[in-house]
Amino acid sequence: GEKTQFNQYSNKCSIVKKEDIDLDTVRDKKFLMYNRRLRPHRIYSVIHFDRLGISDQFLLSYDITSMQMYDMSPDNVEMHIEDKEHQKELIKHFYKLKKEKPKQTIDYEDLENVWGFNFEVKEPYLNSYIHITSETNFFEIGGYFSEKTWKPMGHLQPFIFMGPAHGLKELKKLGFKTFSPYICEDYDNELDPEKRFNMVIQEIERLSKIPIEEIHEWYKSIYEDVLVYNRNKFFEYADYKINEEIVENKFKELFYGETTLT
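Residues numbered from 1 in each chain as written. Predicted model: local features only at pLDDT ≥ 70, side-chain atom pairs only at ≥ 80, totals over all residues. Heavy atoms only, no water.

## A few points about the pattern of salt bridges
Here is step 1 of the chain: According to the stated counting rule, one finds 14 salt bridges in the structure shown.
Here is step 2 of the chain: The closest approach of N and O atoms between D20 and K122, which form a salt bridge, is 3.3 Å. With D20 in the loop between strand 2 (9-13) and strand 3 (31-33) and K122 in helix 4 (residues 122-126), this residue pair connects regions lying 102 residues apart in the sequence.
Here is step 3 of the chain: For E100, the salt bridge is made with K96, and the minimal N-O distance between the two is 3.1 Å. Linking E100 with K96, this pair stays in helix 3 (residues 84-100), spanning four residues, or about one helical turn.
Here is step 4 of the chain: Exposure remark for K96: the relative accessible area of 36% places this residue in the partly exposed category. (Salt bridge = Lys/Arg side-chain N within 4 Å of Asp/Glu carboxyl O. Helix = DSSP H or I, 4+ residues; strand = E, 2+ residues; numbered from the N terminus. Buried < 20%, exposed > 50% of the residue type's maximum accessible area, 1.4 Å probe, protein only.)

## What about the packing of aromatic side chains?
Here is step 1 of the chain: Under the defined criterion, the tally for this structure stands at 20 aromatic pairs.
Here is step 2 of the chain: Between the aromatic rings of F94 and Y95, the centroid separation amounts to 5.0 Å while the plane-to-plane angle is 75°, which identifies the pairing as edge-to-face.
Here is step 3 of the chain: According to the relative accessible area criterion, F94 is buried, its value standing at 5%.
Here is step 4 of the chain: With centroids separated by 6.1 Å and ring planes inclined at 35°, the aromatic side chains of Y219 and Y223 adopt a geometry described as tilted. Here Y219 and its partner Y223 are both found in helix 8 (residues 212-238), four residues apart, which amounts to about one turn of the helix. Each member of the pair, Y219 as well as Y223, carries the same accessibility label: buried. (Phe/Tyr/Trp six-rings, centres within 6.5 Å; stacked < 30°, edge-to-face > 60°.)

Function cannot be inferred from these measures alone, as they are strictly geometric.
Structure below.
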């Protein structure tokens, strides 16, 4: 891959190309989820994957020992999770995870100094199927699409959008395709963040019970019409950079126009 510099850190950067895709070989993992800064919905997810015994189906990164770790105090958890039993379950299992598996990495060991741009390694994308897109906001009010939303599209992966309600609806307005009915996307319409979070976890749990060979066949079936299509659409938007006036008008349309993102 190409070597790049970001801040004072040097890294190799590689992206998935169509010639990298092998549609004949079943990949090792069903899911891919990157977690650098452990915001609430991310650490809650990691806890649930471990609690459900499905972490081995993931390429998964997190670091509970990091300075960027969300404080799992009862008062903080209560701000997001009203269900008392759910609160207790999360906190109890958090300390179990902290003791037994405090850190897990995919491609970079130093998670604190990995950044969202130019720290791309293509192999994890080629060895997994479904991206868990953990956006910056989930329980918080307000939303936007960061680089996290565009990465699976660029790397030819389907995804589950773990972010604000109506994120998928907004992506469809921009011309992108999503992954219903194979992936149940009802969570996108749920305005209550706790309920939406539970729906996302339940859908991941359901998919975890499907044989990986079946997921492979589904991936093959949507490869050209959905995954390659989405990447091409993404590249179309990238072309706006060639004309500043087009960029300005497009940003006004996207960010000052009517939106359903909540």
